[in-house]
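# Examination of the molecular architecture
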Amino acid sequence: MIDPATKTDAVMDLLIVDGRVAERRAPEKGRGAAPAGGRVLEATGHWVCPGLVDMHVHLREPGQEHKESIESGTRAAAAGGFTSVACMPNTDPWNDGLSVTEYIVAEARRRGVVNVFPIGCVSKGGLGAELAEIGDMVRSGAVAVSDDGRPVGNSYLLRMALEYAKIFGIPLIDHCEDRNLSASGVMHEGFVSTVLGLKGIPAASEEVAVATDLAVAAMSGGRLHVAHLSTRGSLEKIRRARADGVAVTCEATPHHLVLTDQSVADSHYDPNMKMNPPLRSEEDRQALLQGLRDGTIDAIASDHAPHHADEKLVEFDEAPFGIIGLETTVPLVLDRCVRKEGLAPARFVELLAQNPARILGINKGTLAVGADADVTIIDPDLGRTVDVSQFKSKARNSPFHGWRLRGWPVATVVAGRVVHELLPVATR
Amino acid sequence: MIEGTRLQTAGRKAAAGGSRPARRPAPDRRPAAAPAPEPVEAEAPASEPAPRLLALKHKHLLGMEGLTADEIALILDTARSFAEVSTRSIKKVPTLRGRTIVNFFMEPSTRTRSSFEIAEKRLSADTLNFSPSQSSVVKGESLLDTARNLEAMAPDMIVIRHKASGAPHFLARHCRSNIINAGDGWHEHPTQALLDAFTIREKKGRLQGLRVAIVGDLMHSRVLRSNIFLLKTMGADVVVCGPPTLIPVELSRLGVGVTFRVDEAVEGADVVMMLRIQTERQKGGAFPSTREYYNLFGLTAERARRARPDVIIMHPGPMNRGVEIDSAVADGPYSVILEQVTNGVAVRMAVLYLLAGGTLGELAD
């Protein structure tokens, strides 16, 4: 059992009763004696972790169910080892008020297989002009606010939102990008974009926005969370601001930890290498890995962005940004960061469970007695090949198809209910 | 008919000096030496080496990047053979008889498209011209669907011009035909670079060691990128020049000198290649006015005098007279701009022929 919240890294039995952690104890002889009618998951040799939390996904419902739905997206989450997801508000209509938030919560209860925490809009319609009715959304279940793909570019609005969000203690999640600098760029600006003849999105377009946001957060005192941070410069700014006492957290995606702009060239303009922020340079990637180790990066989030196959089967310039990640995040991080870069297993759990739960202020991310019995069981040695045709997600836009990865989630338990089992780990 | 269709290649002695294609190694090639840590660049030969290749191993021509010096020399030598065809009264050979070639032009083009079409006709191929205004593209059909429908008619080759960089690679992934890139976005325009190289070689006898200045909108130029790859591979010395707002980042990593002083670029040049300035770019804020652009970067006769006395002036077209180039230079004695167009046909015939599996050996026989 690996549960950094309780400083646990030991071989233990875990007893779940009525959806909660009832008891944890060192294994004894005669273990496995579950209460009558109970069930035993035999996880010897595996990691038993608090249920993983993906704090940045797009479930596309309501409005874009041809890409994904709450049902299919949460099935993908379960298959990927996530017991909770926080979904961004760029649905159609945008989640900028009580009715959409309530719909998401209700639909998740009806058809979702993992916990769904809606993120509401900062501004009405995500248009960056007036504050949305944040109080209403929080009352209906929203755990954070964000205008998602649209940066809160108006610093005054950002200040108002950060200050206003203090009433609810929720974070403001910003996609940091100066759209003037990005212009109509489609990939990281650097040598590779020059050779490929693709319009670049400079690192500075993120860093300018991070700098602005940090200055505003320092003044307003609200809680800022920087989504999918991708450059060395952004990371340095966060590190410095945090040292100055600014309440800022940040996340990185697995694709920015694993791929670089060179992947666009190597794949001959594969639209599944197109996302925003774009795949950055190797130097940026190395800085992110360092940020994982030294704690500057708080969370890993997939930025799961499903698109219909037809939408991605076009010229690179024409393709929409984004790739799916719910079903590849855990194996990618285990294989590339834990196994190859020596990231500690406890740090893995912090990045994927404990910290995102803390940032969102949700009662998840630990296996302490009394906590919700959300559990992810991982086989760190299991080797499998990513096969998009087997995905539970409706979408297939992953650049990782065919990758051989070691370390996979083998069971996902939500409130004591097994929602995904890869291997027959169950006995009896 | 018979004589009109037979390729005559005798007497096409190039700078290589009686370059009958043969398997012998180039005279100055180092013997296969003891294990070296890295492949050593062959020492610069004084002239173009005899072609060591007779056939092109590639299925597609997507760009100049990655083509070897031998492959480039093969295409240029083959083009030499085909240039003669266009001087005959019956300008046709049966080489590609029965083959179907689609000219899939999704962007306006005069020169490239007519040049490909003439090249195809002189090789006796059946051609189909396909452009957006007369196709389902205006009805919103995707590139993939359009391409699949074209493929359903079983063409042998598709020549594609498209505004998106990488569109030919996209087609290559989804189609069985040979794909020839006739210009994709800002990325590459390989046959333009080949015809430029052919023209330079005709005039200078070589590419190796020449100083080539390329001036203009570097950012948005596919001609630039293809020319850099080709010229650097062939051992030319390349300096590029344009306003900093139109220079893509880290361009110098391609091994070229980069300056925004046009006098510096032109100084001592054997070849000055001007790139078109698209007036749309002015709206993008890259420069304040075409007038100021001309003052700072336009090639005038006075500026051209800084080049070598036997300089040649090139332009891929279409020209903006009085913007990037003065008419006195464009129409002057050093200009080879129309020869470029003439040579385009021979070069494209060579590319089509080689991609169809033709060999230089067959031609020489």
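Below: a short report on this structure. (Residues numbered from 1 in each chain as written. Chains lettered and ligands numbered in written order. Predicted model: local features only at pLDDT ≥ 70, side-chain atom pairs only at ≥ 80, totals over all residues. Heavy atoms only, no water.)

## Describing the overall build of chain A
Helices and strands together make up the secondary structure of chain A, namely 14 helices and 20 strands. Scaling as 2.2 N^0.38, a compact globule of 428 residues should have a C-alpha radius of gyration of about 22 Å, and chain A matches this with 21 Å. Judged by the C-alpha coordinates and their principal axes, chain A covers about 65 × 50 × 45 Å. Out of the 428 residues belonging to chain A, those deemed buried represent 60%. A separation threshold of at least 6 residues defines the contact pool for chain A, and within that pool the share at least 24 residues apart is 75%. Counting only carbon and sulfur atoms, one obtains 50% of the accessible surface of chain A, whose full area is about 15,500 Å². (Helix = DSSP H or I, 4+ residues; strand = E, 2+ residues; numbered from the N terminus. Rg over C-alpha atoms; globule rule 2.2 N^0.38 Å. Buried < 20%, exposed > 50% of the residue type's maximum accessible area, 1.4 Å probe, protein only. Contact = heavy atoms within 4.5 Å. Areas by Shrake-Rupley, 256 points an atom, 1.4 Å probe, with all protein chains shown as cover.)

## Topic: the pattern of salt bridges
Residues and elements named next belong to chain A. Overall, the coordinates contain 42 salt bridges over all chains when judged by the stated rule. The shortest N-O distance in the salt bridge between Glu 163 and Arg 159 comes to 3.0 Å. Residue Glu 163 and its partner Arg 159 are both found in helix α4 (residues 155-165); the two are separated by four residues, about one turn of the helix. Measuring nitrogen to oxygen at the nearest pair gives 3.0 Å for the salt bridge that ties Arg 179 to Glu 177. Counted as one network, the salt bridges with shared partners bring together Arg 20, Lys 364, Asp 372 and Asp 374. (Salt bridge = Lys/Arg side-chain N within 4 Å of Asp/Glu carboxyl O.)

## Looking at the interface of chain B and chain A
The interface of chain B with chain A comprises 24 residues on the first partner and 19 residues on the second. Between chain B and chain A the total buried area reaches about 1,800 Å² when both faces are included, carbon and sulfur atoms providing 63% of it. A salt bridge links Lys163(B) to Glu318(A); its shortest N-O distance comes to 3.5 Å. Put simply, chain B and chain A have seven residue pairs in polar contact (both at pLDDT 80 or more) between them. Elements with a minimum of two residues in the side of chain B that touches chain A: α4 (143-152), α5 (167-174) and α7 (222-233) of chain B. The dominant element in the side of chain B that touches chain A, judged by the number of residues it contributes, is α5(B), at five residues. (Buried area = accessible area lost by both parts, 1.4 Å probe. Polar contact = N/O pair within 3.5 Å; in protein donor to acceptor, adjacent residues only side chain to side chain.)

## Quick word on the packing of aromatic side chains
On inspection of all chains with the given rule, the structure shows seven aromatic pairs over all chains. Measuring from ring centre to ring centre gives 5.3 Å for Phe287(B) and Tyr293(B), while their planes differ by 50°; the resulting arrangement is tilted. Neither residue differs from the other here; Phe287(B) and Tyr293(B) are each classed as buried. Here the aromatic cluster, defined as three or more aromatic residues joined through ring pairs, consists of Phe287(B), Tyr293(B) and Phe297(B). Residue placement shows Lys274(A) over the ring face of Phe316(A); its charged tip is 5.8 Å from the ring centre. Above the face of the Trp408(A) ring, Arg384(A) is positioned so that its terminal group lies 4.9 Å from the ring centre. (Phe/Tyr/Trp six-rings, centres within 6.5 Å; stacked < 30°, edge-to-face > 60°. Lys NZ or Arg CZ within 6 Å of the ring centre and 35° of its normal.)

## Concerning unusual backbone geometry
Residue and element names in this part refer to chain A. For the bond running from Glu 61 to Pro 62, omega is 10°, close enough to zero to count as cis. Within the element layout of this structure, Pro 62 appears in the loop between β7 (52-57) and α1 (70-79). In this chain, Asp 92 is followed by Pro 93 through a cis amide linkage whose omega measures 5°. Among the structural elements, Pro 93 can be located in the loop between β8 (82-87) and α2 (98-111). Phi at His 228 takes a positive value of approximately 25°, unusual for a residue other than glycine. You can see His 228 is positioned in the loop between β14 (224-226) and α8 (232-243). Classification of His 228 as buried rests on a relative accessible area of 3%.

## Brief notes about the pairing of strand β9 (residues 115-120) of chain A
All names here are of chain A. Counted residue by residue, β9 has five buried out of six residues, so it is predominantly covered. Pairing of β8 with β9, which is carried by four bridges, proceeds in the parallel orientation. Across the sheet, residue Val 85 finds its bridge partner in β9, namely Val 116. This β-α-β element, β9 to helix α3 (residues 134-140) to strand β10 (residues 144-146), shows right-handed connectivity. (Pairing = 2+ DSSP bridges. Right-handed = clockwise from strand over helix to strand, strands pointing away.)

## Notes on α4(B)
Residue and element names in this part refer to chain B. The set of residues buried in α4 consists of Leu 143, Leu 144, Thr 146, Ala 147, Leu 150 and Glu 151. Along the axis of α4, the buried positions cluster into a sector of 165°, meaning they face one direction only. For α4, the elements touching its buried residues are β1 (100-105), β2 (126-130), β3 (157-162) and α5. (Arc of directions from axis to C-beta.)

## With respect to the packing of α1(A) against α2(A)
All names here are of chain A. Between α1 and α2, the shortest axis-to-axis distance is 9 Å and the interhelical angle comes to 60°. α1 and α2 meet at a crossing whose hand is right-handed. Of α2, the residues touching α1 (which contributes Ile 70, Glu 71 and Thr 74) are Ile 104, Glu 107, Ala 108 and Arg 111. Tallied by class, residues from the contact of α1 with α2 come to three nonpolar, one polar and three charged. (Axes fitted to C-alpha atoms, helices over the stretch in contact; angles between N-to-C directions. Left-handed = near helix turned anticlockwise from the far one by under 90°. Nonpolar A, V, L, I, M, F, W, Y, C, P; charged D, E, K, R; others polar.)

## Details of the sheet that holds strand β6 (residues 237-241) of chain B
Residues and elements named next belong to chain B. The five strands lie next to each other as β7-β6-β5-β8-β9, forming an open sheet whose pairing is parallel. The open sheet has two free edges, formed respectively by β7 (257-259) and β9 (312-314), since each of these has just one partner strand. Direction aside, the axes of adjacent strands within the sheet are offset by 20° on average. One ladder, built from five bridges, connects strand β5 (residues 211-215) with β6; its direction is parallel. Bridging from a neighbouring strand, Ala 213 pairs with Val 239 of β6.

## Details of the sheet that holds β3(B)
The strands making up a sheet associate through backbone hydrogen bonding, with each pair oriented either parallel or antiparallel. Residue and element names in this part refer to chain B. Strand order across the open sheet formed by four strands is β2-β1-β3-β4, with parallel pairing between neighbours. Two strands in the sheet have a free side with no partner beyond their single neighbour: β2 and β4 (178-184). Within the sheet, the average angular offset between the axes of one strand and its neighbour, ignoring direction, is 15°. Sheet topology places β3 next to β4; five bridges connect them, and they run parallel. Its bridge partner being in β4, Met 157 is matched across the sheet by Asn 178. Here α5 sits on the sheet and contacts β1, β3 and β4; the angle it forms with β4, its principal contact strand, is near 165°.

## Focus on the environment of Ile160(B)
Residue and element names in this part refer to chain B. One can find Ile 160 in strand β3. Sequence separation between Ile 160 and Ile 180 is 20 residues; the distance between their C-alpha atoms is 6.2 Å. Excluding anything up to four places from it in sequence, Ile 160 contacts Phe 104, Ala 167, Pro 168, Leu 171, Ile 179, Ile 180, Asn 181, Ala 182 and Gly 183.

## Some details on the environment of Cys250(A)
With respect to the helices and strands, Cys250(A) occurs in strand β15 (residues 248-252). By relative accessible area, Cys250(A) is classed as buried at 0%.

## Quick notes on the state of the cysteines
A complete count under the given rule lists zero disulfides over all chains for this structure. Cys337(A) carries a free sulfur, and the closest cysteine sulfur to it, the one in Cys250(A), is 14 Å from it. (Disulfide = S-S within 2.5 Å.)

## Let's talk about the nonpolar core
Grouped together as the largest cluster of nonpolar side chains are 106 residues, with contacts concentrated most on Val85(A), Val226(A), Leu292(A) and Phe348(A). Leu76(B), Ile200(B), Val336(B) and Leu355(B) belong to the second-largest nonpolar core, a separate cluster that totals 69 residues. (Core = buried A, V, L, I, M, F, W, Y, C linked by side-chain atoms within 4.5 Å.)

## Thoughts on the packing of helix α3 (residues 111-122) of chain B against helix α13 (residues 337-355) of chain B
Residue and element names in this part refer to chain B. Remark: α3 packs on α13, axes separated minimally by 8 Å, with the N-to-C direction vectors making an angle of 55°. Taken together, the axes of α3 and α13 lie oblique to each other. As α3 packs across α13, the resulting crossing turns out to be right-handed. Residues Arg 111, Thr 112, Ser 115, Phe 116, Ile 118, Ala 119, Glu 120 and Arg 122 of α3 form the contact with α13, whose own contacting residues are Val 341, Gly 344, Val 345, Arg 348, Met 349 and Leu 352. Taken together, the residues of the contact of α3 with α13 break down into seven nonpolar, three polar and four charged. (Parallel < 35°, antiparallel > 145°, perpendicular 65-115°, else oblique.)

## Thoughts on α2(A)
All names here are of chain A. Look at α2: 20 Å from first C-alpha to last across 14 residues, which is about the 20 Å you get at 1.5 Å a residue. Looking at α2, one finds that the buried residues are Val 100, Thr 101, Ile 104, Val 105, Glu 107 and Ala 108. Mapping the buried residues of α2 onto a view down its axis gives an arc of 165°, with all of them on the same face. Summarising the geometry of α2, the exposed residues directed more than 90 degrees from the buried face are Ser 99, Arg 109 and Arg 110. In this fold, the buried residues of α2 make contact with α1, β8, β9 and α3. (Expected span 1.5 Å × (residues − 1).)

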